[in-house]
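Okay, here's what each chain looks like letter by letter:
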Amino acid sequence: MTDIMADLDALPGTDPRAPLLEVNDLHVEFRTRDGVARAVNGAGLRLAPGETLALLGESGCGKSVTAQAIMGILDTPPGFITRGEIRYRGVDLLRLPEIQRGTVRANRIAMIFQDALSALNPVYSVGFQLAELFRVHRGMSRADAKRRAVELLDRVRIPAAATRINDYPHQFSGGMRQRVMIAMALALDPDVLIADEPTTALDVTVQAQIMGLLAELQRERNMGLLLITHDMGVVADVADRISVMYAGKVVEEAPVFDIYDRPGHPYTKALLESIPRLDMKGRQLNVIQGLPPTLTDIPPGCAFNPRCGYARDICRYEAPPAHTIAPRRHVRCHFWGEVVAR
């Protein structure tokens, strides 16, 4: 057992009864020459062991920044966490010394990035990059670390893993590189896996394979999976709950079937209506009118009000609170009842 693992086991304050991962009132801003961009504005989420939570929204809504804040990999400057809590098993990671937080990040919370080619180091073989995790964090010998690396590549279904371990990232296809990234994320048996757009730029068949692999590995290890995506079609098959994000804030959270059956926020409803369907052949697709707000100038009240067909005067000056409309279901909309009724 290495010193790093001993430090992790001695992490004070952990509570096995607490949520696996909990984010409360998180605020993240980027201080730029053009002003302060408020990327995350009071986001909150909760994840249990074995659960898949999909964080959903348009590009620029704050999904990836939330993930980076959880992982502790925000570039500072210009990014700053100005308020909030990020708790792992009840321990607020934002209050830990950086060495301790880095230990949690390495061993208990892992992340799969959008672009595997950029995330992998092009000058080292994939085997070296995998084995390095075991040498640094588990104190293994080179031979043992290499053997574990081969086992992992085989587990994520890299063909001929023992021979491909010496190949470099550019020698793999996009789908195979993503499998390598999954292997690296799972190498140290994390409790929480954050998958940030894991199927971006992959064809539909490979997307299905990657999502199926993630679901299988999650069941084996009872991990909590935070799936970040903008694709409503992807989450329908894999998520237990969905958190819908807009302008840096979670505007609706509900079990997946409740969201698809009767959305409670106008933005969620608009996202669902914009999904192409077979019965719409030859008809114009529905679109959400307007553009997401500029993060340096988010409108007062409900940030979605300039694009919302339900908006009234109150929406333009008073931000809606979170309404609990059913068990495990919350929505931030003054007129959620009208949305659900339609």
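Residues numbered from 1 in each chain as written. Predicted model: local features only at pLDDT ≥ 70, side-chain atom pairs only at ≥ 80, totals over all residues. Heavy atoms only, no water.

For the protein chain, an unreviewed UniProt entry supplies the name Oligopeptide transport system ATP-binding protein and the organism Krasilnikovia cinnamomea. The UniProt entry for the protein chain carries the following comment under Sequence similarities (unreviewed entry): "Belongs to the ABC transporter superfamily." One UniProt comment on the protein chain, placed under Subcellular location (unreviewed entry), says "Cell membrane". (UniProt positions renumbered as here; feature names shortened; annotations may be inferred.)

Account for the packing of aromatic side chains, naming residues and giving values.
Going through the model one piece at a time under the given rule, you end up with 4 aromatic pairs. Between Tyr246 and Phe304 the ring centres are 5.1 Å apart and the planes differ by 85°, which places this aromatic pair in the edge-to-face class. Of the two residues, Tyr246 is situated in strand β9 (residues 241–246) and Phe304 in the loop between α12 (266–273) and α13 (313–317); the sequence distance between them amounts to 58 residues. Residue Phe304 is classed as buried on the basis of its relative accessible area, which comes to 3%. A cation sits over an aromatic face here: Arg31 above Phe80, 4.0 Å from the ring centre. We note Arg312 situated over the ring of Phe335; from NZ or CZ to the ring centre the distance is 4.0 Å. (Phe/Tyr/Trp six-rings, centres within 6.5 Å; stacked < 30°, edge-to-face > 60°. Helix = DSSP H or I, 4+ residues; strand = E, 2+ residues; numbered from the N terminus. Buried < 20%, exposed > 50% of the residue type's maximum accessible area, 1.4 Å probe, protein only. Lys NZ or Arg CZ within 6 Å of the ring centre and 35° of its normal.)

Kindly report on the nonpolar core, identifying the contributing residues and their values.
Ile112, Leu153, Ile182, Leu193, Leu214, Ile242 and Tyr267 are the most contacted members of the largest nonpolar core, which totals 70 residues. Counting residues per element, this core draws most heavily on helix α8 (residues 174–186), at 7 residues. Two domains each donate at least three residues to this core, and these are domain 1 (21–108 + 190–341) and domain 2 (114–189). When near neighbours in sequence (up to four residues on either side) are disregarded, Leu193 contacts Ala110, Met111, Ile112, Ala185, Leu186, Leu214, Met223, Gly224, Leu225 and Leu226. Ala39, Met111, Ile194 and Val250 belong to the second largest nonpolar core, which has 35 residues in total. (Core = buried A, V, L, I, M, F, W, Y, C linked by side-chain atoms within 4.5 Å. Domains from an automatic or database assignment. Contact = heavy atoms within 4.5 Å.)

So what about the sheet that holds strand β8 (residues 224–229)? Which residues, and what values?
Across the sheet, 8 strands lie side by side as β6-β7-β8-β3-β9-β10-β12-β11; this open sheet has mixed pairing. Each end of this open sheet is capped by a strand with a single partner; those strands are β6 (109–112) and β11 (323–326). Put simply, the sheet's adjacent strands are angled 25° from each other on average, direction ignored. Direction of pairing for strand β7 (residues 192–196) relative to β8: parallel, over a ladder of 5 bridges. Its bridge partner being in β8, Asp196 is matched across the sheet by Ile228. Its contacts with the sheet place α8 against β6 and β7, and it is angled at close to 175° to β6. (Pairing = 2+ DSSP bridges. Axes fitted to C-alpha atoms, helices over the stretch in contact; angles between N-to-C directions.)

Residue-level account of the sheet that holds strand β1 (residues 21–32), with values.
Across the sheet, 4 strands lie side by side as β2-β1-β4-β5; this open sheet has antiparallel pairing. In this open sheet, the two edge strands, each paired with only one partner strand, are β2 (35–47) and β5 (91–92). As paired elements, β1 and β2 share 10 bridges and run antiparallel to each other. When the sheet's bridge partners are listed, Leu26 is paired in β2 with Ala43. Each of β1, β2 and β4 (79–88) is contacted by helix α2 (residues 63–71), which is oriented at about 110° to β1, the strand it contacts most.

How would you explain the side chain of Glu51 if you had to name every residue and give the values?
Residue placement: Glu51 occurs in the loop between β2 and β3 (52–56). If near-sequence neighbours (up to four positions away) are discounted, Glu51 is found in contact with Arg46, Gln218, Met223, Gly224, Leu225, Asp240, Arg241 and Arg328.

I'd love a proper account of unusual backbone geometry, names of residues and values included.
Omega for the peptide link from Thr76 to Pro77 comes to -10°, which places this bond in the cis form. Relative to the assigned elements, Pro77 resides in the loop between α2 and β4. Of note, the bond from Pro77 into Pro78 is cis; its omega dihedral lies within 30 degrees of zero at 10°. With respect to the helices, strands and loops of the structure, Pro78 is situated in the loop between α2 and β4. Backbone geometry at Asp189 places phi at a positive 55°, although glycine is not the residue there. Its place among the elements puts Asp189 in the loop between α8 and β7. For Asp189, a relative accessible area of 44% puts it in the partly exposed group. Positive phi outside glycine occurs at Arg328, with the angle close to 65°.

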